[in-house]
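For reference, the chains in residue letters:
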Amino acid sequence: MTHKIRIQSSGHEFTANEKETVLAAALRHGVTLAYSCRNGDCGTCKGKLISGKIDYGRYEAKAMSDEERGAGAALFCQAVPLSDLVIDAREISAAEGIPIRIMPCRVMKLDRLAHDVMQLSLKLAEGQRLQFLAGQYIDILLSGNQRRSFSLATAPHADELLHLHIRHVPGGLFSGQVFTTMKERDLLRFQGPLGTFFLREDSDRPVILVAGGTGFAPIKSILEHAFATGIKRTMHLYWGVRAQRDLYLHNLPQAWAREHAHFHNTLVLSEPLSEDDWSGRRGWVHEAVIADHPDLSRHEVYASGPPPMIEALKKAVIAHGLPNDRLYYDSFEHAHTSGT
Ligand code: FES
């Protein structure tokens, strides 16, 4: 049995199959709603149920509170229609028309970037290209219906090889493979591009980008895209890691700062080791952002990294004047992981 779903603000209509979530049905019909984790963890897909009945599915309290649900909110990556629906949801027109495909690819190179970070370089079959927006991610498809999500670290204009930054998680299903048995020429399959984390280009507001660990990957893609397309908005990258040995490719943002007067770069170490001899910024990355920008009312903030960093940053930037709708984030939740 199918159900009809109408988005009130745009009038867009589509149908959902039995047990299909609102988000999956929308994407299947080429309607892109805001989303990130697809797992009920991040809250990006939150919208309003205007009329109709849904099964709310499984989700984390931090993604949607009981009060929000009581006031009509729903997480559309989890919500399954039980009747025809009218909803209010954020639609992302920039991602519309970009097909989400399943594609084979070959591992061309494995480069150890840091003690626990590997760069995987993937090549598509001859003549194939992946259309994507800088900042989006792909799902690597594994046996047993398992999948692991990784942001693309390359910008769309430089797509001869697709780069992923994979952090080694001990016992991790895919990252374990990457750090032990994977070899050049191995074949993989992925689905993508996914997510709605990308630079909103219809704005000239100053941009703050915040990366935690391998959250640098989508930020790198966004910045390389912005430099290549001549975007001249003021952009300030804050990249937080624990100690010096966790930094990788950090000569890149340093070079960007020399080349582009509108780009600034701040590295922040939360637990530098004594042998690091670190004279740069220390502490949590969100604290560095707030110390430098106590009034964020004119900014846009783009953040990518582990959930604790995203949660701390969200609270801090909203408390310092950033409007909710100018915070874009990619939280490495269970389904959208930095590597397990
Ligand atoms: Fe729905 Fe994250 S909670 S996309």
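1. Some thoughts on the packing of aromatic side chains
In total, this model carries 10 aromatic pairs according to the counting rule given. Aromatic pair Phe216 and Tyr248: ring centres 6.0 Å apart, planes at 80°, arrangement edge-to-face. Separated by 32 residues along the polypeptide, Phe216 in helix H4 (residues 216-228) and Tyr248 in the loop between strand E15 (235-241) and helix H5 (251-259) bring together distant segments of the chain. Residue Tyr248 is classed as buried on the basis of its relative accessible area, which comes to 1%. Each ring, one from Phe227 and one from Phe263, has its centre 5.6 Å from the other, and the planes form 90°; the classification is edge-to-face. Of the two residues, Phe227 sits in helix H4 while Phe263 sits in strand E16 (residues 263-269), which places them 36 residues apart along the sequence. Each member of the pair, Phe227 together with Phe263, is buried. Each residue in the set Phe216, Phe227, Trp239, Tyr248, Trp256 and Phe263 is aromatic and connected to the rest through ring pairs, giving one cluster. Directly above the aromatic system of Tyr56 lies the positively charged group of Arg69, at a separation of 3.7 Å from the ring centroid. Across the ring face of Phe198, the terminal group of Arg200 is positioned such that the distance to the ring centre comes to 4.1 Å.

2. Topic: the packing of helix H6 (residues 285-292) against helix H7 (residues 307-319)
Orientation of H6 relative to H7, taken along the N-to-C sense of each, is 20°, at an axis distance of 9 Å. If you check the angle between H6 and H7, you find them roughly parallel. The crossing of H6 and H7 is right-handed. Touching Val285, His286 and Ile290 of H6 are Met309, Ala312, Leu313, Ala316 and Val317, all from H7. Grouping the constituent residues of the contact of H6 with H7 by class yields seven nonpolar, one polar and no charged.

3. Some remarks on the sheet that holds strand E2 (residues 13-16)
Read from one edge to the other, the open sheet built from five strands follows the order E2-E1-E7-E3-E5, with strand pairing classed as mixed. Lying at the two open borders of the sheet, with one neighbouring strand each, are E2 and strand E5 (73-75). When the angles between neighbouring strand axes are averaged without regard to direction, this sheet yields 40°. The pairing of strand E3 (residues 46-51) with strand E7 (residues 85-88) spans three bridges and is antiparallel. Within E7, the residue paired with Leu49 across the bridge is Ile87.

4. Considering the environment of Asp276
The residue Asp276 is located in the loop between E16 and strand E17 (281-282) in this model. With 31 residues separating them along the chain, Asp276 and Arg245 place their C-alpha atoms 8.3 Å apart. Excluding its chain neighbours within four sequence positions, the residues that come into contact with Asp276 are Ala243, Gln244 and Leu269. A polar contact is formed between the side chain of Asp276 and the backbone nitrogen of Gln244, at a distance of 3.0 Å.

5. Focus on the confidence of the model for the protein chain
In this model, the protein chain carries a mean pLDDT of 94, and residues with pLDDT of at least 70 account for 98%. In this model residues 334-340 is a low-confidence stretch, pLDDT under 50, and it forms 32 contacts with partners more than four residues away in sequence or in other chains.

6. Describing the sheet that holds strand E19 (residues 327-331)
Overall, parallel pairing links the six strands, which are arranged E17-E16-E15-E14-E18-E19 in an open sheet. Sheet topology places E17 and E19 at the edges, where each strand pairs with a single neighbour. Sheet analysis places E15 next to E16, joined by seven bridges and oriented parallel. Looking at E16, one finds that Trp239 is bridged to Leu267. Along the sheet face, H5 touches E15 and E16 and points at about 150° away from the line of E16. Across the face of the sheet, H7 comes into contact with strand E14 (207-212), strand E18 (300-305) and E19 while running at roughly 160° to E18.

7. Observations concerning the pattern of salt bridges
A full pass over the atoms with the stated rule returns 14 salt bridges. The partner of Asp41 in a salt bridge is Arg58, with the nearest N and O atoms 3.4 Å apart. Taken together, the positions of Asp41 in the loop between helix H1 (22-28) and E3 and Arg58 in the loop between strand E4 (54-55) and helix H2 (66-70) put the pair 17 residues apart, joining distant regions of the chain. Between Glu300 and Arg233 there is a salt bridge whose closest N-O contact spans 2.9 Å. With a gap of 67 residues between them, Glu300 in strand E18 and Arg233 in the loop between H4 and E15 connect regions that are remote in the sequence. Judged by its relative accessible area of 4%, Glu300 is buried. One connected set of salt bridges, linked through shared partners, spans Arg38, Asp139 and Arg147.

8. With respect to the packing of H4 against H5
Interhelical geometry of H4 versus H5 gives an angle of 25° and a closest axis separation of 12 Å. What the angle tells us is that H4 and H5 run roughly parallel. H4 and H5 meet at a crossing whose hand is left-handed. Judged by residue contacts, Phe216, Lys220, Leu223, Glu224 and Phe227 of H4 engage Leu252, Pro253 and Trp256 from H5. Classifying every residue of the contact of H4 with H5 by side-chain character gives six nonpolar, no polar and two charged.

Rules and cut-offs
Residues numbered from 1 in each chain as written. Predicted model: local features only at pLDDT ≥ 70, side-chain atom pairs only at ≥ 80, totals over all residues. Heavy atoms only, no water. Phe/Tyr/Trp six-rings, centres within 6.5 Å; stacked < 30°, edge-to-face > 60°. Helix = DSSP H or I, 4+ residues; strand = E, 2+ residues; numbered from the N terminus. Buried < 20%, exposed > 50% of the residue type's maximum accessible area, 1.4 Å probe, protein only. Lys NZ or Arg CZ within 6 Å of the ring centre and 35° of its normal. Axes fitted to C-alpha atoms, helices over the stretch in contact; angles between N-to-C directions. Parallel < 35°, antiparallel > 145°, perpendicular 65-115°, else oblique. Left-handed = near helix turned anticlockwise from the far one by under 90°. Contact = heavy atoms within 4.5 Å. Nonpolar A, V, L, I, M, F, W, Y, C, P; charged D, E, K, R; others polar. Pairing = 2+ DSSP bridges. Polar contact = N/O pair within 3.5 Å; in protein donor to acceptor, adjacent residues only side chain to side chain. pLDDT = per-residue confidence, 0-100. Salt bridge = Lys/Arg side-chain N within 4 Å of Asp/Glu carboxyl O.

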